[in-house]
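# An overview of the molecular structure
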Amino acid sequence: MRRHNLFCMAIVGACLFLLFGFNDQTKRVHTPNMLSVAHRGASSFAPENTRSAFHKAVELRADYLECDVHLSKDGELVIMHDDKIDRTTNGNGYIKDYTLAELKALDAGGRFGDEFRGEPIMTLNELLEEFYDQVGLLIELKNPQSYPGIEEKVVSLLMDYDDMSSIIIQSFDVNSMRKINSLLPEIEVAILIHPSESILTAKKLDELTSFASYINFNVSFLSKRMVDNIHERGSKVLVWSKKDKRLVAKAQKFGVDGIISDFSIWPTDEPIYLVQE
Ligand code: G3P
Ligand code: CA
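### Points about the coordination of the calcium ion (ligand 2)
In this structure, Glu 66 (OE), Asp 68 (OD) and Glu 140 (OE) serve as the protein donors to the calcium ion (ligand 2), at separations of 2.1 to 2.3 Å. Sequence spacing among the residues donating to the calcium ion (ligand 2) works out to E-x1-D-x71-E. Neither residue differs from the other here; Glu 66 and Asp 68 are each classed as buried.

Structure, rendered in structure tokens:
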């Protein structure tokens, strides 16, 4: 009898989860007229900046995959966020001190979850080969001043692709983006604005928008007036946030052009995936 009751409770529990839990998990938010950009891939669901996270983002119908790029010791363009491998892999030390072969031997998935154990890092070349035809790519050059020649390497790789209209290169480093723009004017570049420098004068805006198609902000350090000022100059705005659960609401209120998110389930009663429908 007791076993029968337990069995019934398990069945009821499973049904309730399917009815309510699953529905909540799949709730989507409409983001009309805004691009949805998967920050380091769908990094709420899979290890950031890995093939799994990028595939998940495509599955969730992201418009763009965002990724971060560094140079290995032997000059290969590798995808990882931090300049050190400690946080996201089973290794330690700086990316620049390892060859691509050594970096490829690392486990970039196990820290996120056992089911991702053994997942290798990706190169930018592999990302392009696998995803270029499926989805837009927002490629961030991380600390490019630490990697002399990185801009030339990225441009040389992109030259293999005839149509670059679905690729954007971004960085916090204005000089690096100027260089990309001068080497390859047909590719769109974006300037990431550091929160500490988020009040931009008209002169600075004129300067940045003269070559950058996008000026991208942490949503907590942006105003509608700033968005309007950028739009008046013919450039666009993407916003990101790692914590602000009002990211979508603010983005809509400010009238920005897209949202860069982890496709998070925010810690609210209203779980959301940022997917354009
Ligand atoms: O694309 C915006 C965002 O990626 C910038 O911050 O630190 O996640 O690279 P971070
Ligand atoms: Ca980034």
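### Here we look at the side chain of His 81
Relative to the helices and strands, His 81 is located in the loop between strand E4 (77-79) and helix H3 (100-104). Separated by 3.1 Å, the side chains of His 81 and Arg 40 make a polar contact. If we skip the residues at most four places from it in the chain, His 81 touches Arg 40, Glu 48, Asn 49, Asp 68, His 70, Arg 87 and Lys 142.

### Points about the site of ligand 1
Neighbouring residues of ligand 1: His 39, Arg 40, Glu 66, Asp 68, His 81, Glu 140, Lys 142, Gln 170, Leu 192, Trp 240, Lys 242 and Ile 260. One nitrogen or oxygen atom from the side chain of Arg 40 is found 2.7 Å from an oxygen atom belonging to ligand 1. At 2.7 Å from an oxygen atom of ligand 1 is found a side-chain nitrogen or oxygen belonging to Glu 66. Computed on the free molecule, ligand 1 has an accessible area of 290 Å², of which 95% lies beneath the protein chains in the complex. The pocket occupied by ligand 1, as judged from atoms lying within 2 Å of grid points, is the largest pocket.

### Side note on the environment of Lys 142
By secondary structure assignment, the location of Lys 142 is in the loop between strand E6 (136-141) and helix H5 (150-158). In contact with Lys 142, not counting residues within four places along its chain, are Asp 68, Val 69, His 70, His 81, Tyr 147 and Phe 172. A polar contact of 2.7 Å, which involves the side chain of Lys 142, links it to the side chain of Glu 140.

### Here's the deal with the nonpolar core
Leu 124, Leu 127 and Ile 169 are the most contacted members of the largest nonpolar core, which totals 62 residues. When residues of this core are assigned to their parent elements, the largest contribution, 5 residues, is made by H5. Other than its neighbours up to four places away in sequence, Leu 124 contacts Cys 67, Val 69, Leu 77, Ile 79, Ile 139, Val 154 and Leu 157.

### Here's the deal with the side chain of Ser 198
As for its placement among the helices and strands, Ser 198 is situated in the loop between strand E8 (188-193) and helix H7 (202-209). In terms of polar contacts, Ser 198 uses its side chain to reach the backbone carbonyl oxygen of Pro 195, at 3.0 Å. Look past the residues within four positions of Ser 198 in its chain and what remains in contact with it is Ile 193, Phe 217, Phe 221 and Met 226.

### Quick word on the layout of surface pockets
Approximately 170 Å³ is the volume found for the largest pocket. Residue lining of the largest pocket: 13 residues in total, with His 39, Glu 140, Lys 142, Trp 240 and Lys 242 positioned closest to the centre.

### Some remarks on the pattern of salt bridges
A side chain with one charge can pair with a side chain of the opposite charge if their charged atoms come near. If you walk through the whole model with that rule in mind, you get 15 salt bridges. Lys 104 serves as the salt-bridge partner of Glu 126, at 2.8 Å between the closest nitrogen and oxygen. Separated by 22 residues along the polypeptide, Glu 126 in helix H4 (residues 124-131) and Lys 104 in helix H3 bring together distant segments of the chain. As a salt-bridge pair, Asp 206 and Arg 233 come within 2.7 Å of each other at their nearest N and O atoms. Here Asp 206, found in helix H7, pairs with Arg 233, found in the loop between helix H8 (224-232) and strand E10 (238-240); they are 27 residues apart in sequence, far enough to count as distant. The class of Arg 233 is partly exposed, set by a relative accessible area of 26%. Among the ionic contacts, a cluster of salt bridges with common partners joins Arg 40, Glu 48, Asp 82 and Arg 87.

### So, the pairing of strand E2 (residues 35-38)
Successive side chains on a regular strand alternate, one facing one side of the sheet and the next facing the other. Direction of pairing for E2 relative to strand E11 (residues 258-261): parallel, over a ladder of 4 bridges. The residue bridging Leu 35 from the neighbouring strand is Gly 258, located in E11. Where E2 lies against strand E3 (residues 64-71), 2 bridges are found, and the strand directions are parallel. The partner of Val 37 across the bridge, within E3, is Tyr 64.

### Some words on H7
Those residues of H7 that sit buried are Leu 205, Leu 208 and Thr 209. The buried residues of H7 occupy one face: seen down the axis, they fall within an arc of 90 degrees.

About the criteria used
Residues numbered from 1 in each chain as written. Chains lettered and ligands numbered in written order. Predicted model: local features only at pLDDT ≥ 70, side-chain atom pairs only at ≥ 80, totals over all residues. Heavy atoms only, no water. Donors = N, O, S within 2.8 Å, 3.2 Å for Na, K, Ca; no water. Buried < 20%, exposed > 50% of the residue type's maximum accessible area, 1.4 Å probe, protein only. Helix = DSSP H or I, 4+ residues; strand = E, 2+ residues; numbered from the N terminus. Polar contact = N/O pair within 3.5 Å; in protein donor to acceptor, adjacent residues only side chain to side chain. Contact = heavy atoms within 4.5 Å. Near = heavy atom within 4 Å. Areas by Shrake-Rupley, 256 points an atom, 1.4 Å probe, with all protein chains shown as cover. 1 Å grid on protein atoms, 1.4 Å probe; cavity = no way out; pocket = protein on both sides within 12 Å on 5 of 7 lines; lining within 4 Å. Sits in = over half its atoms within 2 Å of the grid points. Core = buried A, V, L, I, M, F, W, Y, C linked by side-chain atoms within 4.5 Å. Points joined across faces, edges and corners; volume = space filled by probe spheres on them. Salt bridge = Lys/Arg side-chain N within 4 Å of Asp/Glu carboxyl O. Pairing = 2+ DSSP bridges. Arc of directions from axis to C-beta.

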